[in-house]
Amino acid sequence: MTGSLAADRSATETLAYDLVVVGSGPAGEKAAVQVAYFGKSVALVEREPVLGGAAANTGTLPSKTLRETALMLSGFRARGLHGVDLSVRRRASVRDFLQREHQISDAERERVATNLLRHGVTLYHGEAAFVDPHTVQVTPAGSPPIRLRAEIILIATGTAANRPARLPFHDPRVYDSDTILTLSRLPATLAVLGAGVIGSEYACTFAALGVEVLLIDGRTTLLGFLDAELSASLRRRMEKIGISFFIPDDIVACAPGAAGLRLELASGRSLGPDALLVTVGREGNTSRLNLQAAGLAAGEHGLLKVDDSFRTSVPHIYAAGDVIGFPALASTAMEQARIAMVHAFDLKYKEHLAPILPYGIYTIPEVSMAGATEESLRHKGVDYIRGMASYGQNARGQIIADEEGFLKLLFRREDMRLLGVHVIGELASEIVHIGLVALLCGATADLFIQTCFNYPTLSELYKYATYDAMGRR
């Protein structure tokens, strides 16, 4: 049954499924197709006219595509290469800037739709709300509601950008992370409130295009969950590409004017940017689900609490993805949903989330990590050795003109078991996975010493960071 056929059902009809999934983002899609693969009947509900959730439409893929487009159009990647003139690209319009993003998002939406169709998942477009713990009512735009009943229900509705009441979001120059892609022209100056992952990523993207970026945050440390050395290095390199930091600080007032915005900061300083991007957290998309009818209640910021199997306080209702909070990554959302469905349907498949997760931050430069930081090891009293390898001393690093990137490995001193991997530089989010697999396998320094890496590659950094650590032992 297609989504359009589903919308024609009468208001009084209740349709039965083994599973009803609410939300078509990474968690919802993967849960639906996995259960359908094992022969169960599955319905998926999406309130938006397009599939894929924030990952495909306003978040993960769009922001990363914009970053890559910015790097190409600005000539940033040609920063150390001689005889390259990309001045024409620097004059690209906003339409040029966004064209690639639209293509990637369209392709991802089509992939999701094809995947659901191939696995026999029934798609319903409309607003979902609980009627009782086993029944979800779907109200399509301009059509009568439909009721879907299932033994198992998964909530995968994601989040929406938080909008502080003190800021004038009615002004077309004030954006959040869900609306920034609607900008009609590049501002000369952009203030970004919130130096978390999203704010830092967008700050770098716009700075690479020559926009003057003012980054404002109430915290004293940039991305404090990172290893402190990486955090400090990232800030220096962000400043190097023209980003001005106002930390710790906050916006206490924003006054729209004919010539721009007037921002009053808690420190007493005033700023006059052309536009403002607000990235100060996100709220769970749960307010319209009528959770009380299911016996559920959302917690702080509209998020749902779950156990290790991603089951809510109502045993047959599960939740996965951003709607349950940290780490709120597309990669973890997919895994959470798969584990939830294995538990719900006793599929004897993937039963546990990996004990170590990678984090990839698509700033300029990229930053990625897995495992322990130096700070966490010191806090636990673990005796460790660190090993460093520089992109600037690596042949591939020199070829791509990344002189400042580095790989840091943390080993337990007594047996040289790998404990943490930290990378800053080009392709950091790819390079980290070598270390991630080593961490999951409980590998020691010997793994990197024995491995023969291609030359010239950034992967060689692992061998030389290990040599460096062994020299410190």
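Up top is the structure these notes are about.
The structure reproduced in this document is the subject of the present report. For clarity, every value in this text was computed on a predicted model and none was experimentally measured. (Residues numbered from 1 in each chain as written. Predicted model: local features only at pLDDT ≥ 70, side-chain atom pairs only at ≥ 80, totals over all residues. Heavy atoms only, no water.)

Side note on the overall build of the chain
For the chain, the count of helices and strands is 14 helices and 22 strands. Computed over its C-alpha atoms, the radius of gyration of the chain comes to 24 Å, within 12% of the 23 Å expected for a compact globule of 473 residues. Each of the three principal axes of the chain carries a C-alpha extent, and together these read 70 × 60 × 40 Å. Per-residue burial for the chain yields a buried fraction of 52% across its 473 residues. Considering only contacts within the chain whose residues lie at least 6 apart along the sequence, 63% involve residues at least 24 apart. Element-wise, carbon and sulfur atoms account for 53% of the exposed surface of the chain, whose accessible area totals about 20,900 Å². On the chain, the mean spot of the 47 positive side-chain charges and the mean spot of the 51 negative ones are 2 Å from each other. (Helix = DSSP H or I, 4+ residues; strand = E, 2+ residues; numbered from the N terminus. Rg over C-alpha atoms; globule rule 2.2 N^0.38 Å. Buried < 20%, exposed > 50% of the residue type's maximum accessible area, 1.4 Å probe, protein only. Contact = heavy atoms within 4.5 Å. Areas by Shrake-Rupley, 256 points an atom, 1.4 Å probe, with all protein chains shown as cover. Lys, Arg positive; Asp, Glu negative; His and termini not counted. Charge placed at Lys NZ, Arg CZ, Asp CG, Glu CD.)

Considering the sheet that holds strand E19 (residues 367-371)
Strands sit in the order E18-E19-E22-E21-E20 across an open sheet of five strands; the sheet is antiparallel. This sheet does not close on itself; its edge strands, each paired only once, are strand E18 (359-361) and strand E20 (384-390). The average angle at which neighbouring strand axes cross in this sheet is 10°, direction not considered. The sheet contact formed by E18 and E19 spans three bridges and is antiparallel. (Pairing = 2+ DSSP bridges. Axes fitted to C-alpha atoms, helices over the stretch in contact; angles between N-to-C directions.)

Observations regarding the sheet that holds strand E15 (residues 275-278)
Read from one edge to the other, the open sheet built from five strands follows the order E8-E15-E9-E10-E11, with strand pairing classed as parallel. Among the strands making up the open sheet, the edge pair consists of strand E8 (174-176) and strand E11 (243-246). The mean angle between the axes of side-by-side strands here comes to 20°, regardless of whether they run parallel or antiparallel. One ladder, built from four bridges, connects strand E10 (residues 212-216) with E11; its direction is parallel. Counted as the bridge partner of Leu215 is Phe245 from E11. Here helix H7 (residues 197-208) sits on the sheet in contact with strand E9 (189-193), E10, E11 and E15, set at roughly 165° to E10. Helix H8 (residues 228-240) contacts E10 and E11 of the sheet and is inclined by roughly 125° relative to E11.

Some words on a nonpolar patch on the surface
Together, Tyr37, Phe38 and Tyr349 make up an exposed nonpolar region whose accessible area comes to about 380 Å². Tracing the backbone shows Tyr349 in the loop between helix H9 (330-345) and E18. (Patch = residues over 30% accessible without salt bridge, like charges linked within 9 Å, V, L, I, M, F, W, Y side chains within 5 Å. Salt bridge = Lys/Arg side-chain N within 4 Å of Asp/Glu carboxyl O.)

Some words on the pattern of salt bridges
The tally for this structure, following the rule as stated, stands at 33 salt bridges. The shortest N-O distance in the salt bridge between Glu29 and Arg111 comes to 2.9 Å. Highlighted residues: Glu29 in helix H2 (residues 26-37) and Arg111 in helix H6 (residues 94-118), separated in sequence by 82 residues. With a relative accessible area of 32%, Arg111 lands in the partly exposed category. Between Glu414 and Arg412 there is a salt bridge whose closest N-O contact spans 3.9 Å. Look at Arg412 and you get partly exposed, because its relative accessible area is 24%. Taken together, the shared-partner salt bridges in this structure form one network comprising Asp227, Glu229, Glu374, Glu375, Arg378, Arg386 and Lys408.

Digging into the packing of H2 against H9
Here H2 crosses H9 at 35°, and the two axes come no closer than 8 Å. The way H2 lies across H9 gives a crossing that is right-handed. Here Pro26, Ala27, Lys30, Ala31, Gln34 and Val35 of H2 lie close against H9, whose contacting residues are Ala330, Ala333, Met334, Ala337, Arg338, Met341, Val342 and Phe345. Partitioning the contact of H2 with H9 into residue classes produces eleven nonpolar, one polar and two charged. (Left-handed = near helix turned anticlockwise from the far one by under 90°. Nonpolar A, V, L, I, M, F, W, Y, C, P; charged D, E, K, R; others polar.)

Some words on the nonpolar core
Ranked by internal contacts, the top residues of the largest apolar core, which has 56 residues, are Leu19, Val20, Tyr124, Leu148, Leu154, Ile155 and Met341. The dominant element in this core, judged by the number of residues it contributes, is H9, at eight residues. Counting residues in each nonpolar core, the second largest holds 38 residues, with Ile180, Leu190, Ala195 and Ala207 among its members. (Core = buried A, V, L, I, M, F, W, Y, C linked by side-chain atoms within 4.5 Å.)

Structural notes on H8
For H8, built from 13 residues, the straight-helix expectation of 18 Å at 1.5 Å per residue is met to within 8% by its first-to-last C-alpha distance of 18 Å. Turning to H8, its buried residues number three or more, namely Leu230, Ser231, Ser233, Leu234, Arg237 and Met238. Down the axis of H8, the smallest arc covering the buried residues is 165°, so these residues share one side. Facing away from the buried side of H8 by over 90 degrees, the exposed positions are Arg236 and Lys240. The inward-facing, buried residues of H8 contact H7, E10, E11, E19, strand E21 (406-412) and strand E22 (418-424). (Expected span 1.5 Å × (residues − 1). Arc of directions from axis to C-beta.)

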